[in-house]
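# Observations on chain architecture
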Amino acid sequence: VQLQASGGGLVQTGGSLRLSCAAYGQTSRTYTMGWFRQAPGKERSFVAAITWISGDTYYGDSVKGRFTISRDGPKNTVYLQMNSLEPEDTAVYYCAAPSPDTAIRGTSQYEYDYWGQGTQVTVSS
């Protein structure tokens, strides 16, 4: 599985961005995809995850009510709509997927085996 993330950029506080993550390879056997972020000097943290078939979603506490994860099956793409952005959201955002045929909840980075290259999100105050 290969993942290609895009959509990052510079936005002012209160603004919005939409990240995309396109998956290639054995995507028909990928059950969950997730987003994580890593700010300078901090550990990678969970942002959101979605199960591919049922569409169940999970969010980190700091983004609940502001971010929305969704997927487009035919396009093998997962989106992260980010609204009401704050300077604390500044980070490199990574999408991730587990090995094929692996069912996970998806809230821990250690559940994932494949990672996209990361896309920078910067929120100015």
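Okay, so let's go over this structure. (Residues numbered from 1 in each chain as written. Predicted model: local features only at pLDDT ≥ 70, side-chain atom pairs only at ≥ 80, totals over all residues. Heavy atoms only, no water.)

### As for the overall build of the protein chain
- A tally of helices and strands in the protein chain yields zero helices and eleven strands.
- From first element to last, N terminus to C terminus, the protein chain shows the α and β order β-β-β-β-β-β-β-β-β-β-β.
- For 125 residues, the compact-globule formula gives about 14 Å, and the C-alpha radius of gyration of the protein chain, at 13 Å, lands near that figure.
- Along the first, second and third principal axes, the C-alpha atoms of the protein chain reach 40 × 30 × 25 Å.
- Out of the 125 residues in the protein chain, the part that is buried amounts to 43%. (Helix = DSSP H or I, 4+ residues; strand = E, 2+ residues; numbered from the N terminus. Rg over C-alpha atoms; globule rule 2.2 N^0.38 Å. Buried < 20%, exposed > 50% of the residue type's maximum accessible area, 1.4 Å probe, protein only.)

### Considering the pairing of strand 11 (residues 119–124)
- Here strand 11 shows one buried face, formed by T119, V121 and V123, and one open face, formed by Q120, T122 and S124.
- Pairing of strand 2 (residues 9–12) with strand 11, which is carried by four bridges, proceeds in the parallel orientation. When the bridges of strand 11 are listed, G9 appears paired with V121.
- Bridging between strand 9 (residues 91–97) and strand 11 involves three bridges; their strand directions are antiparallel. (Pairing = 2+ DSSP bridges.)

### Examining the nonpolar core
- Grouped together as the largest cluster of nonpolar side chains are 27 residues, with contacts concentrated most on M33, W35, V47, F67, L80, M82 and Y93.
- Going through the elements one at a time, strand 1 (2–6), strand 3 (17–24), strand 4 (32–38), strand 5 (45–51), strand 7 (67–72), strand 8 (77–82), strand 9 and strand 11 are the ones with two or more residues in this core.
- If we skip the residues at most four places from it in the chain, L80 touches L17, R18, L19, W35, V47, A48, F67, T68, I69 and Y93.
- By size, the runner-up hydrophobic cluster in this structure holds six residues, among which are F36, A49, I104 and Y112. (Core = buried A, V, L, I, M, F, W, Y, C linked by side-chain atoms within 4.5 Å. Contact = heavy atoms within 4.5 Å.)

### Comments concerning the state of the cysteines
- Applying the stated criterion to the full structure yields one disulfide.
- C21 shares a disulfide with C95; S-S distance 2.1 Å. On the S-S bond that ties C21 to C95, the torsion sits near 65°, and the link is right-handed. In this pair, C21 is assigned in strand 3 and C95 in strand 9, connecting sequence segments 74 residues apart.
- Residue C21 is classed as buried on the basis of its relative accessible area, which comes to 0%. (Disulfide = S-S within 2.5 Å.)

### Focus on the sheet that holds strand 1
- The antiparallel open sheet is built from four strands, whose spatial order is 1-3-8-7. Only two strands of the sheet have a single neighbouring strand rather than two, namely strand 1 and strand 7. Across the sheet, the mean angle separating the axes of adjacent strands is 15° when strand polarity is ignored.
- Here strand 1 pairs with strand 3 via five bridges, running antiparallel. (Axes fitted to C-alpha atoms, helices over the stretch in contact; angles between N-to-C directions.)

### Describing unusual backbone geometry
- With a phi close to 50°, N76 is a non-glycine residue in the positive phi region.
- In this structure, D101 takes a positive phi of about 65° despite not being glycine.
- Counting through the fold element by element, D101 comes out in the loop between strand 9 and strand 10 (114–115).
- Classification of D101 as partly exposed rests on a relative accessible area of 43%.

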